[in-house]
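# Tertiary structure, described
Residue-level listing of the chains:
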Amino acid sequence: MRALVIGGGVSGLTTALVLLEAGWQVTVMAREWAPRIVSSVAAAIWYPYQVAHPRATHWALVSAARFGALLERPECGVRTVEGVQLHRTVCPPPDWAEQMPGYRALEPEELPEGYACGYSYELPIIETPIYLQWLRDEVEQRGGTFEERDLANLDEVIGEWPVVVNCTGLAAREFVGDATMVPIRGQIVKMTAGYVDKFLFDEDDHDAPTYIIPRRDATIVGGTAIHGDWDLDVRTDTTTALLGRARQLAPELEKAQVLDVLVGLRPGRPTVRLEAEQHGDTLVVHNYGHGGGGFTLSWGCAEEVLALIEEQAEEI
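As the structure is a prediction and not an experimental result, all values here were calculated from the model.

Conventions used here
- Residues numbered from 1 in each chain as written.
- Predicted model: local features only at pLDDT ≥ 70, side-chain atom pairs only at ≥ 80, totals over all residues.
- Heavy atoms only, no water.
- Core = buried A, V, L, I, M, F, W, Y, C linked by side-chain atoms within 4.5 Å.
- Buried < 20%, exposed > 50% of the residue type's maximum accessible area, 1.4 Å probe, protein only.
- Phe/Tyr/Trp six-rings, centres within 6.5 Å; stacked < 30°, edge-to-face > 60°.
- Helix = DSSP H or I, 4+ residues; strand = E, 2+ residues; numbered from the N terminus.
- Lys NZ or Arg CZ within 6 Å of the ring centre and 35° of its normal.
- Pairing = 2+ DSSP bridges.
- Axes fitted to C-alpha atoms, helices over the stretch in contact; angles between N-to-C directions.

Now for the nonpolar core. Grouped burial of nonpolar side chains is what soluble globular proteins tend to show. The biggest cluster of nonpolar side chains holds 67 residues, and the ones touching the most others in it are L19, Y121, L123, Y131, W299 and I309. Counting residues in hydrophobic clusters, the runner-up holds 19 residues, among them Y115, A246, A256 and V261.

Below is the structure:
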């Protein structure tokens, strides 16, 4: 029961932890670790964003339950925050909304000017620097090991391990030759904390959604979602646009100071790839292409990885 998990982001570490909980011996292999990975740049709030798969909502709700259980452990960096999702045209709530605590439709008098409808609920917020370190510590405390290695392709580990889980994210484009993988460029602004206490979403413009997420260390203002853009340099005009949209939605941010501007490339794909295939004596399970929902789908996808492995073992 030995497994190699390739990828040191939230998907890889969560998958490793779920396998360890099930009694597997696990090594996590990656060429880079936090904070030099896209998971460290994530906002990150539980929200199925820029993801596509028939089971995405199921995976997201499984993750929501796991994050809910972690609320009793403050060292994890997980908490819940109330907020609103706003729309400029009338539309139904997301299919998961009614299962979130505190869900309700906003009354017309509660809507900011220019908005036609909105929904309020409580969502888990994940403080990424704290949470990623907690995940790594949990993997280590349960006996997992780490190896820093820059693999060129999957063939380098085939035959060395009975089970390999591919959580390479955007790198899967080269690692397994998946040409459907594309970057979804995201730019966010970190501002001083304490000026807003609720999250605010307006994603009617899919390329330039507006979101404000109150973390304890900073207020995160976003964002962008530009498909096929590999540029990791900060764009000043984008920063100006982000701040303008955010301050229009939350005027109190006029007093907040800019702490940092960050850019990350989300691992975009037409649909999440979560499937198993046999390579000689090695079972390979792919778990990547989560778009903007890496944290949101992390626990649900990790549990599905375990289920696929156990199902294959029963067939053998």
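Using the criterion set out here, one finds 11 aromatic pairs in the structure. Between Y47 and W96, the ring centres sit 5.5 Å apart and the planes meet at 85 degrees, which makes this aromatic pair edge-to-face. Here W96 lies in the loop between β3 (78–87) and β4 (104–105) and Y47 lies in the loop between β2 (25–30) and α2 (56–69), a separation of 49 residues in the sequence. Judged on exposure class, the residue Y47 and its partner W96 are both buried. Pairwise contacts between aromatic rings join W46, Y47, W96, Y121, F199 and F201 into one cluster. Over the ring of Y115 we find R88, and its NZ or CZ is 4.3 Å from the ring centre. Residue placement shows R136 over the ring face of F146; its charged tip is 4.1 Å from the ring centre.

Either a parallel or an antiparallel arrangement is found when strands of a sheet pair, and the pairing is made through backbone hydrogen bonds. The six strands are arranged β6-β2-β1-β7-β15-β14 in an open sheet whose pairing can be described as mixed. Of all the strands in the sheet, the pair left with one neighbour each is β6 (145–148) and β14 (273–279). Averaged over neighbouring strand pairs, the angle between their axes works out to 20 degrees when direction is ignored. Here four bridges tie strand β7 (residues 163–166) to strand β15 (residues 282–288), and the two strands are oriented parallel to one another. When the bridges of β15 are listed, V164 appears paired with V284.

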